[in-house]
Number of protein chains: 2
Amino acid sequence: MRSLTIAVVQFSPRFGRKEENLHRMEALVSGTRADIMVFPELCTTGYFFASRDEVAAVAEKPSGVSVEFFRVLAKRHDAVVVAGLAEADQGRLFNSCLVVVPEQEKALVYRKTHLFYKEKQCFDAGDTGFFVVHDAVRDVRIGPMVCYDWRFPESARVLTLLGADLIACPANLVTEAWHLVMPARAIENKVYVAVANRAGTETRAGEELVFKGSSAIYDWSGRTLRQARPHGDTVIVAEIHPAETRDKFFNPLNDVLRDRRPEFYAPLTTIRKP
Amino acid sequence: MRSLTIAVVQFSPRFGRKEENLHRMEALVSGTRADIMVFPELCTTGYFFASRDEVAAVAEKPSGVSVEFFRVLAKRHDAVVVAGLAEADQGRLFNSCLVVVPEQEKALVYRKTHLFYKEKQCFDAGDTGFFVVHDAVRDVRIGPMVCYDWRFPESARVLTLLGADLIACPANLVTEAWHLVMPARAIENKVYVAVANRAGTETRAGEELVFKGSSAIYDWSGRTLRQARPHGDTVIVAEIHPAETRDKFFNPLNDVLRDRRPEFYAPLTTIRKP
C-alpha cells in the first residue's frame, strides 16, 4: 500500500508584507521533500484585518502573485500544496484555501465556510461548500477545511462522505480546544488530519491575538504522528497511507460510514437557529 | 442559575441475573442524593447475548419488572433516571434506554440507533430516532444516546439541535477511543456529557469482552468533572448548570449553533454507503 510524505508548515507571516512572507516560506521549505505540503490560513498576508478595505488591498484573484508562487512551489517540489490566502472575486472577499496539484492546470479554491470572530466584518462567508480534490498521480483525496471549520463536526464529516482520505486544515488558531477535538475528527471519520497552524501574535486597535502554533498531524486512529512546538516557524513531516482510510470497517460487523443512519439525522440539515 | 446534581452509576451486572442486578443497583445508589441518575447500557441483564432467543428470554415490555424498578427508584430518590435495558415489542427486540421523570406518568424509551458488533445479530436497530426529554420541574433537557452512538457525531449533534443541555449515555464500552471523542462532543455542542459505563468481563462462546469502566462526566467545555476508576462498581457525582448550555455563544461574534451553515451539509442526510 503506497505511503506518502506530508509536510505541515508552521509559519508566522508578518502582517501585510506579502513579498517578504512568500520569500520566507520559500526558504522555510527549501529542504523539504514531501508529496503534500500544507501551509497556514492567510499565510501570505497575516490574519488580523481590521476592515474589508484592508483585506481588499491585499486580496488576490486566481492570477495573483501568491497563487503563482504556490503553483511554482508545487511544481518545484513535485508536491500538492494546500495554503490559505485572501481571495478577491468581483468585490467579494474570501478567506480561502488554495489546493494546487502540480499536474493539474487549475488551482482549486475552497472558501472558508464558517467565519471566526472579526473575519465576519472583513470577509464574505464562503460559497463553495466542501469538496474533495482527487490527485490520481499520488493516489490521495484531500479535503480542505480552514481553521474554525474544525468546531463543526459537519465539516470533516461532509469531506469524509465526499471521499477524503486526509483533512488538510490551514489554521490561525487562538484557542486550545482544538487539541481535544481534532483527534475526534480523525477517529469518527477514519481519516488523517493535518493542521498547519501559525504562531506569534498580531495586535490591532489594542486587541492582541496570540496564535498557538503546535501544528499537528493525526493518523486515522486519532494518534498524534507529529506535533510542532507552540512557538516559531518549523516544518513537521509524517508518513501516511491514504488508502488505509478507504475501508471504514473497524471490526467484522462495524463500519463507521455504513453504520450511519441518515434517516434519523434530518435536523442536521433542517434546523437553523435564527 | 440553578445547579443540579448528576450521579453516574458504574455498575457491572451479572449476566442473566435480573433480580439480583436490580437489588445490587438499589443498594449501590441507596445513599446517593442526586437530581439525575444515569445507569449503564443493558444494566439489568448484562450485555453479551449470543442470540435473539437469549434476548427474548429477558427483554421486557414497558410494564416489566425493570421498568417498574426504575420508576420506583426515580420516585424514591426524586431523581430523573436514565438506564439501559433490553426491550421487547411485538417480536422486535431493542437495546433501549429508559428515561423516567418522577413527575411524568409515562417512562420514555429511546431505542439505540447504531448497533455495535454482535448486537446486530441479537437486536433490531432502533426506530425511535433521537429525542430530548424536557423535565420542567428540574429545568433540564436530557438527550439520551447509547454506547456506540458516541462514534457518530450526528447523534449528539441532533440531540443538541433538539435542545439537549445534557447528553446522557448509558454504555458498555470495550474500547478506549471514546475518551478522545466525548470531550469533543461536549465542546462542539456546548453541552454536558455523562457516560455511565460498566466494568468487568463477559465471556460467550470463547470470546471475552472486557468493559473499560472509567465512567465520566464532562462539562460543556469538555473538561472532565469526574471520572471513575476502570474497575468495580461506583457512583460518581458532579454539579452541573444546565441553563449555561443554552446560549451557544463563546465570543461576541460566534455561536456554535448559529454559525452552522446547513445549506452546505446536504451529504450528511443524502449520502448512504451501501
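The model shown is predicted, which means the values in this text are computed figures rather than measured ones. (Residues numbered from 1 in each chain as written. Chains lettered and ligands numbered in written order. Predicted model: local features only at pLDDT ≥ 70, side-chain atom pairs only at ≥ 80, totals over all residues. Heavy atoms only, no water.)

Now for the relation of the copies chain B and chain A. Mapping chain B onto chain A is achieved by rotating through 180° and translating by 0.0 Å along the same axis, at an RMSD of 0.0 Å. Those values place the two copies in the arrangement expected of a two-fold rotation axis. Mapped onto chain A, 100% of the interface residues of chain B again fall at the interface, so both copies present the same surface. (Least-squares fit on C-alpha atoms with pLDDT ≥ 70 in both. Contact = heavy atoms within 4.5 Å.)

Residues and elements named next belong to chain B. For helix α3 (residues 65-77), with 13 residues, the first-to-last C-alpha span of 18 Å sits near the 18 Å given by 1.5 Å per residue. All of the buried residues in α3 are S66, V67, F69, F70, L73, A74 and H77. Projected down its long axis, α3 carries its buried residues within an arc of 155°, all on one side. Each element contacted by the buried residues of α3 is listed here: α1 (18-28), β2 (36-38), β3 (80-89) and β4 (92-100). Downstream of α3 by a residue or two, D78 has a phi angle that is positive, lying close to 50°. (Helix = DSSP H or I, 4+ residues; strand = E, 2+ residues; numbered from the N terminus. Expected span 1.5 Å × (residues − 1). Buried < 20%, exposed > 50% of the residue type's maximum accessible area, 1.4 Å probe, protein only. Arc of directions from axis to C-beta.)

A negative phi angle characterises most non-glycine residues, just as the trans form characterises most peptide bonds. Residues and elements named next belong to chain B. Residues other than glycine seldom take positive phi values, yet D78 does so here, at roughly 50°. In this structure, D78 sits in the loop between α3 and β3. By relative accessible area, D78 is classed as partly exposed at 45%.

Right, let's talk about the nonpolar core for a bit. I36 of chain A together with I36 of chain B are the most contacted members of the largest nonpolar core, which has 148 residues in total. If near-sequence neighbours (up to four positions away) are discounted, I36 of chain B is found in contact with L4, T5, I6, A7, A79, V80, V140, I142, L166 and I240 of chain B. (Core = buried A, V, L, I, M, F, W, Y, C linked by side-chain atoms within 4.5 Å.)

Every contact between the two is made by 55 residues of chain B and, on the other side, 55 residues of chain A. Across the interface of chain B and chain A, roughly 5,200 Å² is buried in total on both sides, 63% from carbon and sulfur atoms. The largest per-residue losses of area from chain B upon contact with chain A belong to R151, L253 and L268 of chain B, which jointly make up 12% of the total buried on that side. Applying the counting rule to chain B against chain A returns 8 salt bridges. Residues R157 of chain A and E154 of chain B are paired through a salt bridge, measuring 2.7 Å at the closest nitrogen-oxygen approach. Applying the counting rule to chain B against chain A returns 29 residue pairs in polar contact (both at pLDDT 80 or more). (Buried area = accessible area lost by both parts, 1.4 Å probe. Salt bridge = Lys/Arg side-chain N within 4 Å of Asp/Glu carboxyl O. Polar contact = N/O pair within 3.5 Å; in protein donor to acceptor, adjacent residues only side chain to side chain.)

Attention shifts here to the packing of helix α1 (residues 18-28) of chain A against helix α3 (residues 65-77) of chain A. Packed helices, taken two at a time, are described by their axes: the angle between them and the distance between them. All names here are of chain A. Direction vectors running N to C along α1 and α3 enclose 10°, while the axes themselves pass 11 Å from each other. In terms of orientation, α1 and α3 fall into the roughly parallel class. Residues K18, E19, L22, M25 and E26 of α1 pack against V65, S66, F69, F70 and R76 of α3. Its residues assigned to classes, the contact of α1 with α3 comprises 5 nonpolar, 1 polar and 4 charged. (Axes fitted to C-alpha atoms, helices over the stretch in contact; angles between N-to-C directions. Parallel < 35°, antiparallel > 145°, perpendicular 65-115°, else oblique. Nonpolar A, V, L, I, M, F, W, Y, C, P; charged D, E, K, R; others polar.)

Right, let's get into the sheet that holds strand β13 (residues 224-227) of chain A. All names here are of chain A. Strand order in the open sheet formed by 6 strands is β6-β7-β8-β9-β12-β13, and the pairing between neighbours is mixed. The open sheet has two free edges, formed respectively by β6 (133-135) and β13, since each of these has just one partner strand. Shown here is a sheet whose adjacent strand axes are inclined to one another by a mean of 15°, direction ignored. (Pairing = 2+ DSSP bridges.)

Enumeration over the complete set of coordinates arrives at 60 salt bridges over all chains. Residues D255 of chain A and R258 of chain A are paired through a salt bridge, measuring 3.3 Å at the closest nitrogen-oxygen approach. The exposure class assigned to D255 of chain A is buried, which follows from its relative accessible area of 9%. D219 of chain B is paired through a salt bridge with R223 of chain B; the nearest N and O atoms lie 3.3 Å apart. Assessed through its relative accessible area of 9%, D219 of chain B is described here as buried. Residues joined in a network through salt bridges with shared partners are E87, D89, R92, R111 and D127 of chain A.

Residue and element names in this part refer to chain A. Assignment of secondary structure puts S3 in the segment before β1 (4-10). Here S3 falls in the partly exposed class, since its relative accessible area comes to 29%. If we ignore the near neighbours within four places in the chain, the residues touching S3 are E239, I240 and H241. In terms of polar contacts, S3 uses its side chain to reach the side chain of E239, at 2.7 Å.

Another point: the packing of aromatic side chains. Evaluation of the coordinates by the stated rule reveals 26 aromatic pairs over all chains. Centroid distance Y110 of chain B to F130 of chain B: 5.6 Å. Interplanar angle 25°. Geometry classified as stacked. Placement of Y110 of chain B in strand β5 (residues 108-111) and of F130 of chain B in the loop between α4 (119-122) and β6 (133-135) is noted, with a sequence separation of 20 residues between them. Ring-pair connections join several aromatic residues into one group, and the members of that group are F116, Y117, Y148 and F152 of chain A together with F250 of chain B. (Phe/Tyr/Trp six-rings, centres within 6.5 Å; stacked < 30°, edge-to-face > 60°.)

Let's shift gears to the confidence of the model for chain A. On average, chain A scores 96 in pLDDT, and the residues at 70 or more come to 99%. Two numbers describe this predicted complex: its pTM, 0.97, and its ipTM, 0.96. (pLDDT = per-residue confidence, 0-100.)

Moving on, we get to helix α5 (residues 153-161) of chain A. Residues and elements named next belong to chain A. Of all the 9 residues making up α5, 9 are buried; the element is thus mostly covered by neighbouring parts of the structure. Those residues of α5 that fall on the buried side of the exposure criterion are P153, E154, S155, A156, R157, V158, L159, T160 and L161. Trailing α5 by a residue or two, G163 shows a phi angle of about 110°, which is positive.

Glancing now at the environment of V101 of chain A. All names here are of chain A. Checked against the element boundaries, V101 lands in the loop between β4 (92-100) and β5 (108-111). As a C-alpha pair, V101 and D124 span 23 residues in sequence and 26 Å in three-dimensional space. In contact with V101, not counting residues within four places along its chain, are V80, V133, D135 and R138.

So, on to the packing of α5 of chain A against helix α5 (residues 153-161) of chain B. In contact at an axis separation of 11 Å, α5 of chain A and α5 of chain B are set at 140° when each is read in the N-to-C sense. The orientation of α5 of chain A with respect to α5 of chain B, classified from their angle, is oblique. For the pair α5 of chain A and α5 of chain B, the crossing hand works out as left-handed. Here α5 of chain A contributes P153, E154 and R157 of chain A to the contact with α5 of chain B, which in turn contributes P153, E154 and R157 of chain B. When grouped by side-chain class, the residues that make up the contact of α5 of chain A with α5 of chain B number 2 nonpolar, no polar and 4 charged. (Left-handed = near helix turned anticlockwise from the far one by under 90°.)

The next point concerns the sheet that holds β4 of chain A. All names here are of chain A. Pairing is mixed in the open sheet, where 6 strands are placed in the order β5-β4-β3-β2-β1-β14. Pairing within the sheet leaves two strands with one partner each, and these edge strands are β5 and β14 (234-240). When strand polarity is set aside, the average angle formed by the axes of neighbouring strands in this sheet is 30°. Across 9 bridges, the pairing between strand β3 (residues 80-89) and β4 is antiparallel. In the strand pairing of β4, D89 is matched with R92. Against the sheet, α3 touches β2 (36-38), β3 and β4, its axis set at about 170° to β3.

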